[in-house]
Amino acid sequence: MKMNYEALGRKIKEVRRKQNMTQEYLAEKVDLSVSHISNIETAKTKVSLPTLVEISNALGVSVDYLLMDSDVV
């Protein structure tokens, strides 16, 4: 089974935008580069579990919420 990183990235981007949060601000909050956040949102890179937890905390949502539409394919 494979994780659907495209759906996960879209969800992170959707939540971030709903909060009027820039990639720069999110990157600063989770101590990552802007390009890494962009790569996560576009599924060019796989996000690790610790990073996913940091992102969910920064966005104020649960990891479950971010994974909700990211069923394995």
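Reading the values: the criteria
Residues numbered from 1 in each chain as written. Predicted model: local features only at pLDDT ≥ 70, side-chain atom pairs only at ≥ 80, totals over all residues. Heavy atoms only, no water. Helix = DSSP H or I, 4+ residues; strand = E, 2+ residues; numbered from the N terminus. Contact = heavy atoms within 4.5 Å. Expected span 1.5 Å × (residues − 1). Buried < 20%, exposed > 50% of the residue type's maximum accessible area, 1.4 Å probe, protein only. Core = buried A, V, L, I, M, F, W, Y, C linked by side-chain atoms within 4.5 Å.

J.: Mind laying out the environment of M21, listing which residues take part and the relevant values?
T.: For M21, the location among the structural elements is in the loop between α1 (5-18) and α2 (23-30). Between the C-alpha atom of M21 and that of S56, which follows or precedes it by 35 residues, the distance is 13 Å. Those residues in contact with M21 that lie beyond four places of it in its chain are R16, L26, A58 and L59.

J.: Provide a residue-level description of α1, including the pertinent values.
T.: Taking 1.5 Å of rise per residue, 14 residues should cover 20 Å, and α1 covers 20 Å from first to last C-alpha, within 8% of that figure. When α1 is considered as a whole, its buried residues turn out to be A7, L8, G9, K11, I12, V15 and R16. In this structure, the buried side of α1 is in contact with α2, α3 (34-41), α4 (49-59) and α5 (63-67). Immediately beyond the C-terminal end of α1, within one or two residues, lies N20, with a positive phi of roughly 55 degrees.

J.: Which residues make up the nonpolar core, and what values go with them?
T.: As a rule of thumb, soluble globular proteins bury nonpolar side chains together. In this structure, I12, L26, L52, I55, L59 and L66 are the most contacted members of the largest nonpolar core, which totals 17 residues. Counting only elements with at least two residues in this core, the list comes to α1, α2, α3, α4 and α5. At four residues, α4 tops the list of elements feeding residues into this core. Not counting chain neighbours up to four residues away, the residues in contact with L66 comprise L8, K11, I12, V15, L52, I55, S56, L59 and V61.

J.: So what's going on with unusual backbone geometry? Residues and values would help.
T.: Positive phi is not limited to glycine here, since N20 has a value of about 55 degrees. Assignment of secondary structure puts N20 in the loop between α1 and α2. Among the residues examined, N20 registers a relative accessible area of 72% and is labelled exposed.

None of the figures reported here should be taken as evidence of function without further support.
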